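A closer look at the structure
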Amino acid sequence: MNRLTLFIPLILCVALGAFLYSSLGKDPQELPSALIGEPFPAFSLPELSDPQRQVGTADFEGQVVLVNVWATWCFACRIEHVWLNDLAAKGVKIIGLNYKDDRDMALEWLKTRGNPYQFSIFDSRGTLGIDLGVYGAPETYLVDANGIIRHRRVGVVDDRVWDNEFRDLYQQLVAPDAP
Amino acid sequence: MHPESNRLNRGPVPRNWLKKLALLLLLSSPVMAAVEEIVSFSDESLRPRYQQLLEELRCPKCQNQNLADSNSPISDDLRREIHRLLEEGATNQQIKEYLKSRYSEFILYRPEVNSATWFLWSAPVGLLVLGLLILFYFSRRGRQRLAANPGVKAPSGEEQQRLAALLGNQSGTNEHPANNSSEIKEPKQ
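What comes next is a walk through the structure. Everything numeric here is computed off the predicted structure, so don't read it as measured data. (Residues numbered from 1 in each chain as written. Chains lettered and ligands numbered in written order. Predicted model: local features only at pLDDT ≥ 70, side-chain atom pairs only at ≥ 80, totals over all residues. Heavy atoms only, no water.)

1. Some thoughts on the environment of phenylalanine 119 of chain A
All names here are of chain A. Convention followed: In this description a helix means any DSSP run of H or I spanning at least four residues, a strand means any run of E spanning at least two, and both kinds are numbered starting from the N terminus. Between buried and exposed lies partly exposed: a residue is buried under 20% and exposed over 50% of the maximum accessible area for its type, with that area taken using a 1.4 Å probe on protein chains only. Residue contacts follow a heavy-atom distance rule, with two residues in contact if any of their heavy atoms lie within 4.5 Å.
For phenylalanine 119, the location among the structural elements is in the loop between α4 (103–113) and β5 (120–123). Given the relative accessible area of 7%, phenylalanine 119 is considered buried. Note: C-alpha distance between phenylalanine 119 and glycine 96 (23 residues apart in sequence) is 6.1 Å. The residues contacting phenylalanine 119, other than those within four sequence positions of it, are Glu47, Arg53, Val55, Asp59, Phe60, Ile94, Ile95 and Gly96.

Written as structure tokens, this is what we have:
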């Protein structure tokens, strides 16, 4: 019995080591999401290409959509944009949230790189961004037909992220009865 | 030796250069101060609360900076948002809740006590209690051992005399460190 107590420090060290090792792969930049399972915040903001038109949650109500936060100043968005074009071509509905950007530059961007978005919300002051808890671009939200945020990805979405985090959930939301 | 440094030390050119530098520094300081000063309140009593909130809330983009220190764009936005909420009459708690519902608990530098943080919060007290328990355990065990072992007892009169003799002998030699040092010091005084 007394001998076994000698192993306590070793056990503690191994436990601490295991805990620290398990934390190694985690991204410290990634914040826990406060809005998963919550409704997409209500908003009324101009549309990017048509400043006269105000858009809100009603514009994608009843549909399963991705809301993608993008900006021309965001370098990673360039890489993601190519992938988003492909995804839109496959029939996934994507709403753009043009975050703290310049309207002319954003329109130019869509003209030269293609437009994967159904429409883009023009959030020049980042107010919807604050309501969503956005702290950078790109970010992508999966919103279900009831307007509930089901998943959030901070950073670029690519094939790997889509397969790991989005695809199953998306297909389940789009066609709940499919096998 | 160094012709260039000589040139710097004489004539009107370097003095001009210094004046320009001084002017530049003079002009730059208000710009740097403006980051703090630009906020104005309808009621000055809001300012200390504003400052306190900025100290206690974390910039979501930065790993370890509060909103007061960070100059990232998102911190700018959040400072503006806090300012707006203060002007609208929100309490500190309401403002924290507002930001927490959007940016999660990460934004609070002083996390609330809940199922995920109770261990963190109780750790200092817990470790102190654990340390005291260990201390108590070992000191009691030491005393019990002393009481349980009759072979060890206080030195008798004879033993004490021998002890004193031994110590007295030793103090006469150079081996005793305390005496050693005093012997060196005393002649100097």
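2. A word on the pairing of strand β7 (residues 149–154) of chain A
Defined as follows: In short, DSSP must find at least two bridges between two strands for them to pair.
Bridge analysis of strand β6 (residues 139–143) of chain A against β7 of chain A gives five bridges, and the strand direction is antiparallel. The residue bridging glutamate 139 of chain A from the neighbouring strand is valine 154 of chain A, located in β7 of chain A.

3. Details of the packing of helix α3 (residues 75–89) of chain A against α4 of chain A
Residue and element names in this part refer to chain A. Here is the rule we go by: All axes are obtained by fitting lines to C-alpha atoms, using only the stretch in contact for helices, and the reported angles, taken between N-to-C directions, cover 0 to 180 degrees. By definition in this entry, angles of less than 35 degrees are roughly parallel, angles greater than 145 are roughly antiparallel, angles of 65 to 115 are roughly perpendicular, and the rest are oblique. Helix crossings get a hand from a simple test, with the near helix turned counterclockwise from the far one by less than a right angle marking a left-handed crossing and a clockwise turn marking a right-handed one. Residues are grouped as follows: Ala, Val, Leu, Ile, Met, Phe, Trp, Tyr, Cys and Pro are nonpolar; Asp, Glu, Lys and Arg are charged; all remaining types, including Gly, are polar.
At a minimum axis separation of 11 Å, α3 and α4 run at an interaxial angle of 50°. Put simply, α3 runs oblique to α4. Helix-helix and strand crossings are classified by hand; for α3 and α4 the assignment is right-handed. The residues of α4 that touch α3, namely those facing Cys77, Arg78, His81 and Asn85, are Trp109, Leu110 and Arg113. A class-by-class count of the residues in the contact of α3 with α4 yields three nonpolar, two polar and two charged.

4. Focus: the sheet that holds β7 of chain A
Residue and element names in this part refer to chain A. Ordered by their spatial adjacency, five strands build an open sheet running β5-β4-β3-β6-β7, and the pairing between neighbours is mixed. Each having just a single partner strand, β5 and β7 make up the two edges of the open sheet. This sheet shows a mean twist of 15° between the axes of neighbouring strands, independent of strand direction. Pairing of strand β4 (residues 94–99) with β5 involves four bridges; the strand directions are parallel. Pairing of glycine 96 across the sheet is with serine 120, part of β5. Strand contacts of helix α6 (residues 159–174): β3 (65–70), β6 and β7, with the helix running at about 165° to β7, the strand carrying the most contacts.

5. Focus: the packing of aromatic side chains
We count it as follows: By convention, a stacked pair of Phe, Tyr or Trp rings (six-membered ring in the case of Trp) has centres within 6.5 Å and planes under 30 degrees apart, an edge-to-face pair has planes over 60 apart, and any other such pair is tilted. The rule for a charge over a ring is simple: NZ of Lys or CZ of Arg within 6 Å of the ring centre, and within 35 degrees of the ring normal.
Taken as a whole and judged by the stated rule, the model has eleven aromatic pairs over all chains. Counting every residue linked through ring pairs, the aromatic cluster contains Trp83, Trp162, Phe166 and Tyr170 of chain A. Lying over the aromatic face of phenylalanine 106 of chain B, arginine 58 of chain B brings its terminal NZ or CZ to 4.0 Å of the ring centre.

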